[in-house]
Amino acid sequence: MASDIRDPIQGSKNYKHVTTAPIPRLEYKDPRAEELIQSGQPVIITDSDLVGSAYHWNLDYLCANLGNGLYTVYTSGNGKFKYYDEKKVPNVPSFQPPTSHTDMTFQDFASKLKRKDNSDWIYLQQPLNDTVGPRIELDFKGFNWDFAYRQMKRNRWGPLTSNLLLVGMAGVVTPAHYDEQENLFAQIQGYKRFLLFHPDQFECLYPYPIFHPHDRQSQVDFDDPDLKKFPQFSKLKGYEGIVGPKDVLYIPMYWWHQVESLEDHGETISCTFWFKAAPTEKVVYPLNAGQKVAIMRNIEKMIADTLKDNKNMPHFMRTMVQGRYS
Ligand SMILES: CCC[C@@H](CC(=O)O)C(=O)C(=O)O
Ligand SMILES: [Zn+2]
């Protein structure tokens, strides 16, 4: 059988210290796919029609039909696009944003993308909104909303919050982080490698402090991990898979993920379906790893708000546990 780039045997970019198993890949019609979603496990659903009405999207089509709305385009000097929360920048006066961003028309973005003299890396990330042209609107309406809303209802997720359009230059990387929403990630063009880690890998991934602009992002540079500072990183275990056109990856809330657009397969086009968390009715013990992350976040937030000055956090947090819980 012709091998497919997405077959795990294709091997993958080896990150030293990171052990991965393949993310399960199941046919859209296979009932086990929705069972994995129900059990909060990542799965790549193949041959999905979730965004079947967008499988003809490419740069030229989007240029011709996205209208002249403005799109947020991030620029990075090293190909890495680590998210930062602008509202938290004042908390860390020494913070140097790793990327810049500007708003431009899709046409301007596409011509930048096509220019080979790009010294910078660029990545368009913009929620689909009502500025899109009529054909895109038609394509959007043609998404398989029954499938999306069936997952939302069956898993008691909260409401759909956004569909983010992602158009990345080959080779762009979104470094390891977790989100606080459920995500059905639909791949339209090109290939992306996902590394996924269960929320219980929190202690191997060392997120920034909660008041830091890089809240939810790992401090560890997977390309050059500082094992003195982050020793547990060497024990990191996770999953890996490559998504291509017609694949939909379910990224459960609180699961860490690092994503790269494969170098030699041109630009990538993706669309996310982000859903708010399911409301917690009754807490069931033992708590799962995601719930523990939520509790840690709430405690850290409360302490940071109470202490007011974040400079007091390190000493306070160390005092609280030093020699008492080791
Ligand atoms: C801004 C969102 C980026 C995306 C990863 C990627 O495709 O580069 C991601 O992290 C997610 O869908 O949760
Ligand atoms: Zn994410």
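These numbers were taken from a predicted model, which means no experiment stands behind them.

**Q** I'm lost on the pattern of salt bridges in this one. Help?
**A** Should their charged atoms come close, side chains of opposite charge can pair. Tallying each qualifying case throughout the model produces 17 salt bridges. For Arg150, the salt bridge is made with Glu34, and the minimal N-O distance between the two is 2.9 Å. Taken together, the positions of Arg150 in helix 5 (residues 145–154) and Glu34 in helix 1 (residues 31–38) put the pair 116 residues apart, joining distant regions of the chain. Classification of Arg150 by relative accessible area gives partly exposed; the value is 34%. Taking relative accessible area as the criterion, Glu34 reaches 12% and is therefore assigned buried. Lys88 is paired through a salt bridge with Asp215; the nearest N and O atoms lie 2.9 Å apart. Of the two residues, Lys88 sits in the loop between strand 4 (70–76) and strand 5 (99–105) while Asp215 sits in the loop between helix 6 (202–205) and strand 12 (237–243), which places them 127 residues apart along the sequence. When salt bridges that share partners are traced, they join Lys88, Glu180, Asp215 and Arg297 into one network.

**Q** Can you help me understand the sheet that holds strand 14 (residues 256–261) in this one?
**A** Strand pairing in a sheet is mediated by backbone hydrogen bonds. Such pairs are either parallel or antiparallel. One open sheet accounts for 5 strands, arranged 1-12-11-14-9; its pairing is mixed. The sheet is open, and its two borders are formed by strand 1 (19–22) and strand 9 (173–177), each paired with just one other strand. Along the sheet, successive strands turn relative to each other by an average axial angle of 25°, direction set aside.

**Q** How should the site of ligand 1 be read in this particular structure?
**A** The full set close to ligand 1 counts 14 residues, and Tyr123, Thr174, His177, Asp179 and Lys192 are the nearest of them. Between ligand 1 and the protein, one listed contact pairs an oxygen atom with a side-chain N or O atom of Tyr123 at 2.6 Å. Within the side chain of Thr174, an N or O atom sits 2.6 Å from an oxygen atom of ligand 1. Relative to its unbound accessible area of 360 Å², ligand 1 is 92% covered by the protein chains.

**Q** Which parts of the structure should I look at to understand the packing of helix 1 against helix 5?
**A** Two measures define how a pair of helices packs: the angle their axes make with one another and the distance between the axes. Here helix 1 crosses helix 5 at 45°, and the two axes come no closer than 10 Å. Between helix 1 and helix 5, the interaxial angle falls into the category oblique. In this structure, the crossing between helix 1 and helix 5 has a hand that is right-handed. Contacts between helix 1 and helix 5 involve Glu34, Ile37 and Gln38 from the first element and Phe147, Arg150, Gln151 and Arg154 from the second. In the contact of helix 1 with helix 5, the residues fall into 2 nonpolar, 2 polar and 3 charged.

**Q** What should I look at first to understand the side chain of Lys88 in this one?
**A** The class for Lys88 is buried, based on a relative accessible area of 19%. Filtering out sequence-adjacent residues up to four positions away, Lys88 remains in contact with Ile210, Phe211, His212, Pro213 and Asp215.

**Q** I tried to follow the domain arrangement of the protein on my own but got confused; where do I start?
**A** The accessible area lost on association of the parts is a frequent measure of interface size. Structurally, the protein comprises domain 1 (19–275) and domain 2 (289–321). Computed from C-alpha atoms alone, the centre-to-centre distance between domain 1 and domain 2 is 28 Å. Each partner contributes to the interface: domain 1 provides 13 residues, whereas domain 2 provides 11 residues. Around 1,000 Å² of area is buried between domain 1 and domain 2 when both sides are counted, 68% of it from carbon and sulfur atoms. Considering only the surface of domain 1 that becomes buried against domain 2, Ile210, Phe211 and Tyr254 emerge as the three largest contributors, covering 54% of it.

**Q** Looking at this model, I keep getting lost on the nonpolar core. Mind explaining?
**A** Looking at soluble globular proteins, one finds that nonpolar side chains tend to be buried together. In this structure, Trp57, Phe106, Val167, Leu184 and Phe273 are the most contacted members of the largest nonpolar core, which totals 60 residues. Broken down by element, this core gets its largest block of residues, 5 residues, from strand 15 (residues 268–275). If we ignore the near neighbours within four places in the chain, the residues touching Val167 are Leu59, Leu62, Phe106, Phe109, Leu113, Tyr123, Leu124, Thr268 and Ile269. Tyr178, Met253, Tyr254 and Val293 belong to the second largest nonpolar core, which has 18 residues in total.

The rules behind the values
Residues numbered from 1 in each chain as written. Chains lettered and ligands numbered in written order. Predicted model: local features only at pLDDT ≥ 70, side-chain atom pairs only at ≥ 80, totals over all residues. Heavy atoms only, no water. Salt bridge = Lys/Arg side-chain N within 4 Å of Asp/Glu carboxyl O. Helix = DSSP H or I, 4+ residues; strand = E, 2+ residues; numbered from the N terminus. Buried < 20%, exposed > 50% of the residue type's maximum accessible area, 1.4 Å probe, protein only. Pairing = 2+ DSSP bridges. Axes fitted to C-alpha atoms, helices over the stretch in contact; angles between N-to-C directions. Near = heavy atom within 4 Å. Polar contact = N/O pair within 3.5 Å; in protein donor to acceptor, adjacent residues only side chain to side chain. Areas by Shrake-Rupley, 256 points an atom, 1.4 Å probe, with all protein chains shown as cover. Parallel < 35°, antiparallel > 145°, perpendicular 65-115°, else oblique. Left-handed = near helix turned anticlockwise from the far one by under 90°. Contact = heavy atoms within 4.5 Å. Nonpolar A, V, L, I, M, F, W, Y, C, P; charged D, E, K, R; others polar. Domains from an automatic or database assignment. Buried area = accessible area lost by both parts, 1.4 Å probe. Core = buried A, V, L, I, M, F, W, Y, C linked by side-chain atoms within 4.5 Å.

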